[in-house]
Amino acid sequence: MKKFFTKKINVALAAMLCCALWGSAFPVIKIGYGFLNIAGTDTSSQILFAGVRFLLAGFFTILLGSIFADKFIVIKKKENWKKVGVLAVFQTIMQYIFFYVGLAHTTGSKSSILDSTSVFFAVLISCLIFKQEKLTVNKIIGCVVGFVGVVLINLSPGSQMGSFAFNGEGFIILSALSYAFSSVLVSRYSKSESPVALSGYQFMLGGAVMILAGLIFGGRLRVVSLPAFAIIIYLALLSACAYTIWGILLKYNDVSSVSVFGFMTPVFGFALSAIILKEQLTQQLWLSILALVLVCLGIFSVNMNVDKLKKHKNDKEEKN
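Model, not experiment: these values are computed from the prediction. Each chain carries its own residue numbering, running from 1 in the written order of its sequence. For a predicted model such as this one, the threshold for reporting local features is a pLDDT of at least 70, and the threshold for listing and counting side-chain atom pairs is 80 or more; totals across whole chains, interfaces and linings nevertheless cover every residue. Derived side-chain values reflect all non-hydrogen atoms in the structure, with water molecules and hydrogen atoms excluded from consideration.

## Brief notes about the overall build of the protein chain
Defined as follows: A run of H or I in DSSP becomes a helix once it reaches four residues, and a run of E becomes a strand once it reaches two; helices and strands are each numbered from the N terminus. For every residue, the accessible area (1.4 Å probe, protein chains only) is compared with the maximum for its type, and the residue is labelled buried under 20%, exposed over 50%, or partly exposed between those bounds. Note that accessible areas follow from Shrake-Rupley with a 1.4 Å probe, and for residues the cover is restricted to the protein chains shown.
Across its full length, the protein chain carries 13 helices and zero strands. Helices (α) and strands (β) of the protein chain occur, in sequence order from the N terminus, as α-α-α-α-α-α-α-α-α-α-α-α-α. Looking at the 320 residues of the protein chain, the share that counts as buried comes to 49%. Approximately 15,400 Å² of the protein chain is accessible, and the part contributed by carbon and sulfur atoms is 70%.

Okay, here's the thing in structure tokens:
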């Protein structure tokens, strides 16, 4: 397995698959609202929908992780269950309550771009709050360029793509902020526990909490058709497969060599939303494309390892 997941071509293909899966979630969730008869104002049912998805995702994550590890994955230390609880709050409960509700009040293509701000939030949180790494020039440039892209897509208040609603675009940004905190926490917690185990069990815990909350506040899921059932299973498998594959790639490769492919997630999300949902982007198509390019450049800059490039250049010059 290690030999397979360290070949450059396999790393690229596997990482791109993860990004495509994550990007496809934007239009599929919006389609799911239609099949499940969930109105944009039905917040409790949106939370219930998310809860069912992630309870199943947790089960599938542990199952797939156990298959790859050739043993059943468990939390090794009892004290690490506290870490599972903290991650469940940030990575599942907060992130996806904001995400599902926000997505119901804005477009899938716009959400895919706004959601990518999690990369920049994670860099700033890691560098300025947790002091896990240095805030380098290329990271600062990446954050600035990326946020310019986010601002660009909100420039025209008279159009759908330029509008801003707190329970729509605002919630998507809060979702990205929650995920950023969880990413930094996973980086810290995975030193003493398997990241696949952490993700799987926090998915199940977070999903169970959201199901309970959704039911208490009157949420209902009307899974009366095969397409509706298929969408829930697809979304659960999407998270399980993407997180499992991504975790394996990070295990056998440098973080920077894998994370650099993350800039493709908003690309897939934007493109698939425009194609599948047939969202009207023609009035601001050039502005949307420019914003997307800037976001991708920002993510690439944040992930670029300048020191490694300089070392490679120096080694090459010494050989010559």
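Picking up after the structure, the text goes on.
## Here we look at the environment of V52
Note the cut-off: Any two residues whose heavy atoms approach within 4.5 Å at even a single point are treated as in contact.
Of note, V52 is situated in helix α2 (residues 43-69). With 183 residues separating them along the chain, V52 and L235 place their C-alpha atoms 9.9 Å apart. The residues contacting V52, other than those within four sequence positions of it, are I211, L221 and I232.

## Some thoughts on the packing of helix α3 (residues 80-103) against helix α8 (residues 195-216)
Here is the rule we go by: Every axis in this analysis is a line fitted to C-alpha atoms, fitted for helices over the stretch in contact. Angles between the N-to-C directions lie between 0 and 180 degrees. In what follows, roughly perpendicular refers to angles from 65 to 115 degrees, roughly parallel to angles under 35, roughly antiparallel to angles over 145, and oblique to any angle outside these ranges. The hand of a helix crossing depends on one turn: near helix anticlockwise from the far one by less than a right angle means left-handed, and clockwise means right-handed. Under the convention adopted here, Pro, Cys and the residues Ala, Val, Leu, Ile, Met, Phe, Trp and Tyr are nonpolar, Asp, Glu, Lys and Arg are charged, and Gly plus all remaining residues are polar.
Running from N to C, α3 and α8 cross one another at 60°; their axes reach a closest spacing of 8 Å. The angle between α3 and α8 places the two elements in the oblique class. Regarding α3 and α8, the two cross each other, and that crossing is right-handed. Contact residues: W81, V84, G85, L87, A88, Q91, T92, I93, Y96 and I97 in α3; L198, S199, Y201, Q202, F203, L205, G206, G207, V209 and M210 in α8. The residue makeup of the contact of α3 with α8, split by class, is 13 nonpolar, seven polar and no charged.

## Quick look at a nonpolar patch on the surface
Using the following cut-off: To count toward a patch, a residue needs a relative accessible area over 30% and no salt bridge; like charges are then connected within 9 Å, while nonpolar side chains (Val, Leu, Ile, Met, Phe, Trp, Tyr) are connected within 5 Å. A side-chain nitrogen of Lys or Arg and a carboxyl oxygen of Asp or Glu constitute a salt bridge if their distance falls within 4 Å.
Taken together, the side chains of L128, I129, L135, I140, V144 and V148 make up a nonpolar region of the molecular surface, amounting to roughly 500 Å² of accessible area. For the nonpolar patch, the element with the highest residue contribution is helix α6 (residues 137-152), accounting for three residues. Among the structural elements, V144 can be located in helix α6.

## Some details on the nonpolar core
Inclusion rule: In this description, a nonpolar core means a group of buried Ala, Val, Leu, Ile, Met, Phe, Trp, Tyr and Cys residues linked to one another through side-chain atoms lying within 4.5 Å.
Ranked by internal contacts, the top residues of the largest apolar core, which has 58 residues, are I29, F49, F99, Y100, L235 and L249. Considering every element that reaches this core, the biggest residue donor is helix α9 (residues 226-252), with 13 residues. Sequence-distant contacts of I29, that is, excluding residues within four places in its chain, are made with F49, R53, F99, Y100, L103 and L235. Of all hydrophobic cores here, the second largest spans twelve residues; its members include L185, A197, L198 and Y201.

## Some details on the packing of helix α1 (residues 8-35) against α9
For the pair α1 and α9, the least separation of the axes is 9 Å and the interaxial angle reads 155°. In terms of orientation, α1 and α9 fall into the roughly antiparallel class. Handedness of the crossing formed by α1 with α9: left-handed.

## Comments concerning the state of the cysteines
Put simply, the rule is: Note on terminology: pairs of cysteine sulfur atoms within 2.5 Å are recorded as disulfides.
All told, the structure shown has zero disulfides when counted by the stated rule. Free of any disulfide, C18 has its nearest neighbouring cysteine sulfur in C19, separated by 6.7 Å.

## A short note on a positive patch on the surface
Stated precisely, the cut-off is as follows: Positive charges come from Lys and Arg, negative ones from Asp and Glu, while His and the chain ends are left out of the count. Charge placement uses NZ in Lys and CZ in Arg. For Asp and Glu, CG and CD serve respectively.
A cluster of basic side chains, namely K71, K76, K77 and K251, defines a positive patch on the protein surface. Here K71 shows up in the loop between α2 and α3.

## Some remarks on the side chain of Q95
Put simply, the test is: Each polar contact in these results corresponds to two N or O atoms within 3.5 Å; when the atoms are within protein, one needs to be able to donate a hydrogen and the other to accept it, and residues that are neighboring in sequence are counted only if both atoms are side-chain atoms.
The topology assignment puts Q95 in helix α3. Overall, the relative accessible area of 5% leaves Q95 in the buried class. A polar contact of 2.5 Å, which involves the side chain of Q95, links it to the backbone oxygen of Q91.

## Quick look at unusual backbone geometry
In the Ramachandran plot, N37 falls in the positive-phi region, its phi being about 55° despite a non-glycine side chain. The backbone of D70 sits at a positive phi, close to 60°, despite the residue not being glycine. Considering the arrangement of structural elements, one finds D70 in the loop between α2 and α3.

## Overview of the packing of aromatic side chains
Put simply, the rule is: Centres within 6.5 Å are what make two rings of Phe, Tyr or Trp a pair, Trp counting through its six-membered ring; a difference in plane orientation under 30 degrees is then read as stacked, over 60 as edge-to-face, and the rest as tilted.
For the structure on display, the rule yields 19 aromatic pairs. Relative to Y100, the ring of Y96 lies with its centre 6.4 Å away and its plane at 70°, an arrangement referred to as edge-to-face. Linking Y96 with Y100, this pair stays in helix α3, spanning four residues, or about one helical turn. Pair check on accessibility: Y96 and Y100 agree, each one buried. Residues F99 and Y100 carry aromatic rings whose centres are separated by 6.2 Å and whose planes lie at 65° to one another, so their mutual orientation is edge-to-face. For the residue pair F99 and Y100, the accessibility class agrees, reading buried in each case. Counting every residue linked through ring pairs, the aromatic cluster contains W22, F26, Y33, F49, F54, Y96, F99, Y100, F203, Y243 and W246.

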